[in-house]
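Structural features, examined
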Amino acid sequence: DDAHTADSVLRDSFSLDIKANNTTAVAYHLLAAEFRDYFHASGIGARYDEVINTDTRWTLILPPFEVRKRFSRITKILQEANLHSSSETCFGWAHLKDHLDHCVYILSAGAITITPAITPVRTLPYFQNQTRRVYLSATLDAEDGFTRTFGKSPQLIIAPETTAGACERLILIPKHASDKPTDEIATSCDIIKNKKTLILAPTYRRGQRWSEIATPPEREDVTAAVNQFKASNNPDKLLLTARYDGVDLPGDTCRVMVIDDLPSNTNPLENFLWEFLRTSNSMRTTIASRVVQCFGRISRGMSDHGVVMITGPSLIDWLATPKNQQALPEFLQKQLSLGFNLSEQMATSDISDVIDRALARDSKWLASYEQFLDQAEIHKEKRNTELEAKLA
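Model, not experiment: these values are computed from the prediction.

Here we look at the pairing of strand E8 (residues 256-260)
Taking burial as the measure, the 5 residues of E8 include 5 buried ones, the bulk of the element. By the alternation rule, side chains of E8 split into Val256, Val258 and Asp260 and Met257 and Ile259, which are all buried. As paired elements, strand E6 (residues 197-201) and E8 share 4 bridges and run parallel to each other. Across the sheet, residue Ile199 finds its bridge partner in E8, namely Val258.

This is the structure in structure tokens:
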């Protein structure tokens, strides 16, 4: 179930994180030092130094040809790090220790991640052909995304027409308001200060921008924080980072949500592909699936209703791009069209009142909303899904 979450789970299972701030810190600095001369000789020494010495979000790939040159030294450093003795690294080490020369090495500020370029999922017995599998998902409807995750195309897709996700939803983009606020985060904090709100951010770094009203719980405390938020009748704020599934806040448990910036970069390799190589086309369906997951956190059925605010330039630009919109459900495309139109017609000072009217099910709002969705036309362009799947 929730097969759309499997990609990151499988990737993590076949990855080793040599972190800079725990028992593997010595190995991290030794490995990074092995490549210092290469990056400086290649003209990107400044970026390398920034990754090593600051809290930047940049990542660098350790070139495979340089990894091969230094492979005996790399192997020695990893063996001396006693990776088999820690629960954080022993399972990844067991998978990868005999295949280190076939892996990608991604350098980031907090870790060196060692991972296969393609997750070898088919080496696991329960993903081989003799085992029959049924995958359930509300958002993993793209064959290329399925293929990248599970190493094969689905033999049969059963996709009944349902109303799932077709709930009443007001989408607002403060950055597109007529007065064009210079600080959309500060403006959004002011708008939701008296409203119980879920905030989704892609990283802890991005989440820090909301520190005026919320801080993310520690990883081991997330479940308790979610349960406490659900039970609260106060205008509390729950800030979650890189959590786009598994958190359901239906009905009155939460009516307002902020999606801050694009839900990408869930692992260092994906971060490198997205930020450095700009492989946005091949990742479109993956990002679209996460976007749909985001919208579903507070909307759990036809009878549900809520308000979603969109912040972050990467997410706003992605949603405004027609090709990206076409990867989303038609119902959500219409709601986004309404959201962009509404946002451009109001000042930021009006947004809080509009939210209150939507949550109160104001009759004029409901009539306008239903009329727009009935009459809205979305741009349809036939995607070559067969080619996308073949490329995957």
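Back to the write-up after that little detour.
Some thoughts on the nonpolar core
Counting residues in hydrophobic clusters, the biggest one holds 36 residues, and the most contacted among them are Leu198, Phe295, Ile310, Trp318 and Leu319. If you list the elements that add at least two residues to this core, you get E6, helix H11 (222-231), strand E7 (237-241), E8, helix H13 (284-295), strand E9 (305-311), helix H14 (313-320) and helix H16 (330-344). Top contributing element to this core by residue count: H13, with 5 residues. Those residues in contact with Trp318 that lie beyond four places of it in its chain are Leu262, Trp274, Arg284, Ile287, Ala288, Val291, Asn324 and Leu328.

Re the side chain of Gln335
With respect to the helices and strands, the residue Gln335 is situated in helix H16. Overall, the relative accessible area of 0% leaves Gln335 in the buried class. Reaching out from Gln335, the side chain makes a polar contact with the side chain of Arg169 at a distance of 2.6 Å. Apart from residues no more than four positions distant in its own chain, Gln335 is found in contact with Cys167, Glu168, Arg169, Ile171, Tyr369 and Leu373.

Cut-off values and rules
- Residues numbered from 1 in each chain as written.
- Predicted model: local features only at pLDDT ≥ 70, side-chain atom pairs only at ≥ 80, totals over all residues.
- Heavy atoms only, no water.
- Buried < 20%, exposed > 50% of the residue type's maximum accessible area, 1.4 Å probe, protein only.
- Helix = DSSP H or I, 4+ residues; strand = E, 2+ residues; numbered from the N terminus.
- Pairing = 2+ DSSP bridges.
- Core = buried A, V, L, I, M, F, W, Y, C linked by side-chain atoms within 4.5 Å.
- Contact = heavy atoms within 4.5 Å.
- Polar contact = N/O pair within 3.5 Å; in protein donor to acceptor, adjacent residues only side chain to side chain.

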